[in-house]
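One letter stands for each residue in the lines below.
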Amino acid sequence: MKEKQQKELIELLDRVKLQEHNPLEEINLFSILGMENKEVSAHSAFLYYIFKPFKNGKGIDEENANLLLKQIVDADKEYSNISVYREYSTNYGRLDFFITYKTNVSEERQAIVVELKIWAGEQPKQLERYRKFLNENGYKNGNVYFLTPGSRKNQTGGNDVINKTLKKDIVCVLEQVCERKNILKYKEYISSIKQYISLCKKISGDTFMEYKEVIKNVEDIKKIDQLYDYRKEALGDLLSKVMETINNECSDYWFEPRFMEKLDNKLTLFKSDISDYYVYGKRSWPAIAAKIDKEKIKTNLREAIDNQDEKIEVFFFIEIGEKLYSGLTLRKVEGDVIRGANANVDVENENNKIGIGETKDSWLYWENLEYKNYEIDFEDYANEETGMLRLFEGMELEKDFVKNIKDSMEDVKKQISKYYIIEE
């Protein structure tokens, strides 16, 4: 983000007061359960649940699917014999949604493909491949649709692919579903749909519109509308500065020789493109890792690791995932890459039993590091305390940032030494 834009937005935030949130007035289970950005397990699953035809009494209820097709295919046609498939496997890739149907103007069976992307990027030639699937399976008149939260355009299908949005198209259909006379009595069903509509508006940026009520200047209104568009860029800037700050401060204060084994006489920074994960959903965690001298590890832990079938090393990690972590972890070194490792044994300590490798990411001990007395949450953009709007304030990373992180890491190291490392 350009410095001028950043300054304007920060100044704007000083004048925009976030409204108080009352959980009694609005509850959204998607947000509470952390499912806002889950493409497959939340968005895709919910849309399939709503639009798949179902048996209702003696007949098949296709009306939700009919409303969907009228919205995205052709409003002047009626649709029947509808089949909705999710995660449909083909030689051209796995289709998020494959929908077949007949219309009132043709007996020929037709089909479309809907590719849903929340934040993930497109795979190589992905939409082009889906177009070939339709052509080569007798559906040349069918279209491929690229469905995203807001105004994002497809990159791998060009003009042959039709861009659709949750914000406009899906919300429109769901509102029509809620108005169907024969389902008005199903209040829980309608309530769930309305919660998903709220989620669509939230991740597409519509919720920022509420701030227009407190801002009168036209230019300020435009800037508020831009906040959503800038959020990933701003978050990427912040993440980069966090990692740069930590890397610059890596010193013997954090990694004393008695505590850590230096790799090639220096701390090894395992770099990854921060934007890869946070913009496109790739699992590449920015991290700094220092290997612990095997002789410094307490006997019971060292023996447990030596008994594993594969070579496992113990590392002290600083890592940015959804949050900023620090701790002790089990890893395998493969070239320039450190991979997670599971050691399925327990280590008995004088105070309690601590499992090794019980978590999927192989952490033995970890804690969230704090900044300004709260845990930094890099994934919850909407959180009023730690989300994207508030993190704008951390772009300059005040001087206390380094001290806070150092103090947090010292606490982690003390706990690690208590259970795992030989004190000298």
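The numbers attached to residues start from 1 for each chain and follow its sequence in the written order. For a predicted model such as this one, the threshold for reporting local features is a pLDDT of at least 70, and the threshold for listing and counting side-chain atom pairs is 80 or more; totals across whole chains, interfaces and linings nevertheless cover every residue. Calculation of side-chain values draws on the structure's entire complement of heavy atoms; hydrogens and water are dropped beforehand.

Enquirer: Report on the overall build of the protein, specifying residues and quantitative values.
Expert: Helix and strand labels come from DSSP, where a helix needs a run of H or I of at least four residues and a strand needs a run of E of at least two; each type is numbered from the N terminus. The helix and strand tally for the protein stands at 12 helices and 17 strands. Evaluated residue by residue, the protein yields a buried proportion of 47% over its 424 residues. Throughout, a contact is declared for two residues whenever any of their heavy atoms are within 4.5 Å. In the protein, the share of contacts with a sequence separation of at least 24, taken over all contacts with a separation of at least 6, comes to 62%. In short, Shrake-Rupley with a 1.4 Å probe defines the accessible areas, and a residue's cover is counted only from the protein chains shown. By element, 45% of the accessible surface of the protein is carried by carbon and sulfur atoms, the whole surface being about 22,700 Å². Three labels apply to residues, based on accessible area from a 1.4 Å probe with only protein chains included: buried if under 20% of the type maximum, exposed if over 50%, partly exposed otherwise in between.

Enquirer: Could you give an account of empty space enclosed by the protein, naming the residues involved and the relevant values?
Expert: Cavity and pocket criteria rest on a 1 Å grid covering protein atoms alone: a 1.4 Å probe that fits but cannot get out defines a cavity, protein on both sides within 12 Å along at least 5 of 7 lines defines an open pocket, and an atom within 4 Å of a point defines a lining residue. Grid points are joined across faces, edges and corners, and a volume is the space filled by probe spheres set on the points. The full count for this structure, using the stated rule, is 1 cavity of 30 Å³ or more. In this structure, the largest cavity spans a volume of roughly 120 Å³. Forming the boundary of the largest cavity are Leu47, Phe51, Leu68, Ile72, Val84, Phe97, Ile99, Val114, Tyr145, Leu147, Lys164 and Ile170. Counting only elements with at least two residues in the lining of the largest cavity, the list comes to helix H3 (39-51), helix H4 (63-72), strand E4 (93-103) and strand E6 (144-148). Ten residue types, Ala, Val, Leu, Ile, Met, Phe, Trp, Tyr, Cys and Pro, are classed as nonpolar, four, Asp, Glu, Lys and Arg, as charged, and the remainder, Gly among them, as polar. For the lining of the largest cavity, the class distribution of residues is 11 nonpolar, no polar and 1 charged.

Enquirer: A description of the packing of aromatic side chains should follow, citing residues and the corresponding values.
Expert: Pairing of aromatic side chains here covers Phe, Tyr and the six-membered ring of Trp, requires ring centres within 6.5 Å, and sorts the geometry by plane angle: under 30 degrees stacked, over 60 edge-to-face, intermediate tilted. In total, this model carries 13 aromatic pairs according to the counting rule given. Taking 6.0 Å as the distance between ring centres and 25° as the angle between the ring planes, the aromatic pair formed by Tyr85 and Phe98 counts as stacked. Note that Tyr85 is positioned in strand E3 (residues 79-90) and Phe98 in strand E4, a separation of 13 residues in sequence.

Enquirer: For the side chain of Glu313, give the residues involved together with the corresponding values.
Expert: Inspection of the secondary structure assignment puts Glu313 in strand E10 (residues 313-320). In this structure Glu313 touches Lys291, Thr329, Leu330, Arg331 and Val333, once residues within four positions along its chain are discounted.

Enquirer: An account of the environment of Ile288 is needed here, citing residue identities and associated values.
Expert: Mapped onto the elements, Ile288 comes out in strand E9 (residues 287-291). For the pair formed by Ile288 and Phe317, sequence separation is 29 residues and the distance between their alpha carbons is 5.8 Å.

Enquirer: So what about the pairing of strand E5 (residues 106-116)? Which residues, and what values?
Expert: Looking along a regular strand, one sees side chains alternate from face to face of the sheet. At least two DSSP bridges between two strands are needed for those strands to be called paired. In this sheet, E5 lies alongside E4 in antiparallel orientation, the contact comprising 6 bridges. Each bridged residue has a counterpart across the sheet, and for Ile99 the counterpart in E5 is Ile112. Taking the residues between adjacent antiparallel strands as the criterion, E4 and E5 are bridged by 2 residues. Pairing between E5 and E6: 4 bridges, direction parallel. Bridge pairing in E6 links Val113 to Val144.

Enquirer: Give a detailed account of a nonpolar patch on the surface, specifying residues and quantitative values.
Expert: Patch membership is restricted to residues that have no salt bridge and whose relative accessible area is over 30%. Joining uses 9 Å for like charges and 5 Å for the nonpolar side chains Val, Leu, Ile, Met, Phe, Trp and Tyr. Each reported salt bridge corresponds to a side-chain nitrogen of Lys or Arg within 4 Å of a carboxyl oxygen of Asp or Glu. A cluster of nonpolar side chains, Ile27, Leu29, Ile32 and Leu33, forms an exposed patch at the surface whose accessible area comes to about 420 Å². Mapping Leu33 onto the fold places it in the loop between helix H2 (29-32) and H3.

Enquirer: How would you sum up H4? Please name residues and give values.
Expert: Counting buried residues in H4 gives 8 out of 10 residues, a clear majority hidden from the surface. Three or more residues of H4 are buried, namely Asn64, Ala65, Asn66, Leu67, Leu68, Leu69, Lys70 and Ile72.

Enquirer: A description of the pattern of salt bridges should follow, citing residues and the corresponding values.
Expert: Applying the stated criterion across every chain yields a total of 7 salt bridges. Ionic pairing is found between Lys70 and Glu78, a salt bridge with its closest N-O pair at 3.2 Å. Asp169 is paired through a salt bridge with Lys164; the nearest N and O atoms lie 3.9 Å apart. Overall, the relative accessible area of 16% leaves Lys164 in the buried class.

Enquirer: Lay out the packing of helix H6 (residues 166-178) against helix H7 (residues 187-203) with the relevant residues and their values.
Expert: In a pair of packed helices, the angle between the axes and the distance between the axes together describe the arrangement. Inter-axis angles, ranging from 0 to 180 degrees, are taken between N-to-C directions of lines fitted to C-alpha atoms, where helices are fitted over the stretch in contact. At their nearest, the axes of H6 and H7 sit 10 Å apart, and the two run at 165° to each other. The angle between H6 and H7 places the two elements in the roughly antiparallel class. Here H6 and H7 pass one another in a crossing that is left-handed. The residues of H7 that touch H6, namely those facing Leu166, Ile170, Val171, Leu174, Glu175, Val177 and Cys178, are Tyr189, Ile190, Ile193, Lys194, Tyr196, Ile197, Cys200, Lys201 and Ile203. Looking at the contact of H6 with H7, its residues break down into 13 nonpolar, no polar and 3 charged. Reported orientations rely on four angle classes, namely roughly parallel under 35 degrees, roughly antiparallel over 145, roughly perpendicular from 65 to 115, and oblique for the rest. Handedness of a helix crossing follows the sense of rotation of the near helix relative to the far helix, less than a right angle counterclockwise being left-handed and clockwise being right-handed.

Enquirer: Help me get a handle on the confidence of the model for the protein, residues and values and all.
Expert: pLDDT: the predictor's confidence for each residue, scored from 0 to 100. The pLDDT averaged across the protein works out to 76; a share of 63% of its residues lies at or above 70. No element of the protein has a lower mean pLDDT than helix H9 (residues 274-280), which averages 47, and none a higher one than H4, which averages 96. Throughout residues 208-214 the model reports pLDDT below 50, and contacts reaching past four residues in sequence, or to other chains, amount to 14 contacts. Across residues 275-283, confidence stays below pLDDT 50; counting only partners more than four residues off in sequence or on other chains, it has 22 contacts.

Enquirer: Residues and numbers for the sheet that holds E6, please.
Expert: Read from one edge to the other, the open sheet built from 5 strands follows the order E3-E4-E5-E6-E7, with strand pairing classed as mixed. Looking at which strands have only one partner, the edges of the open sheet turn out to be E3 and strand E7 (161-165). With direction set aside, neighbouring strand axes in the sheet form an average angle of 25°. In the sheet, E3 pairs with E4 via 9 bridges, with the strands oriented antiparallel. Its bridge partner lying in E4, Val84 is registered against Ile99. Contacts from H4 reach E3, E4, E5, E6 and E7 within the one sheet, and its direction differs from that of E3 by about 85°.

Enquirer: Tell me about the side chain of His43, and please be specific about residues and values.
Expert: Examined against the element boundaries, His43 turns out to sit in helix H3. Here His43 falls in the buried class, since its relative accessible area comes to 0%. For the purposes of these results, a polar contact is taken to be a pair of N or O atoms within 3.5 Å, where, inside protein, one atom must be able to donate a hydrogen and its partner to accept one; residues adjacent in sequence count only when each atom of the pair is a side-chain atom. Separated by 2.8 Å, the side chains of His43 and Tyr196 make a polar contact. If we skip the residues at most four places from it in the chain, His43 touches Met35, Glu36, Lys38, Leu116, Ile118, Leu166, Tyr196, Leu199 and Ile203.

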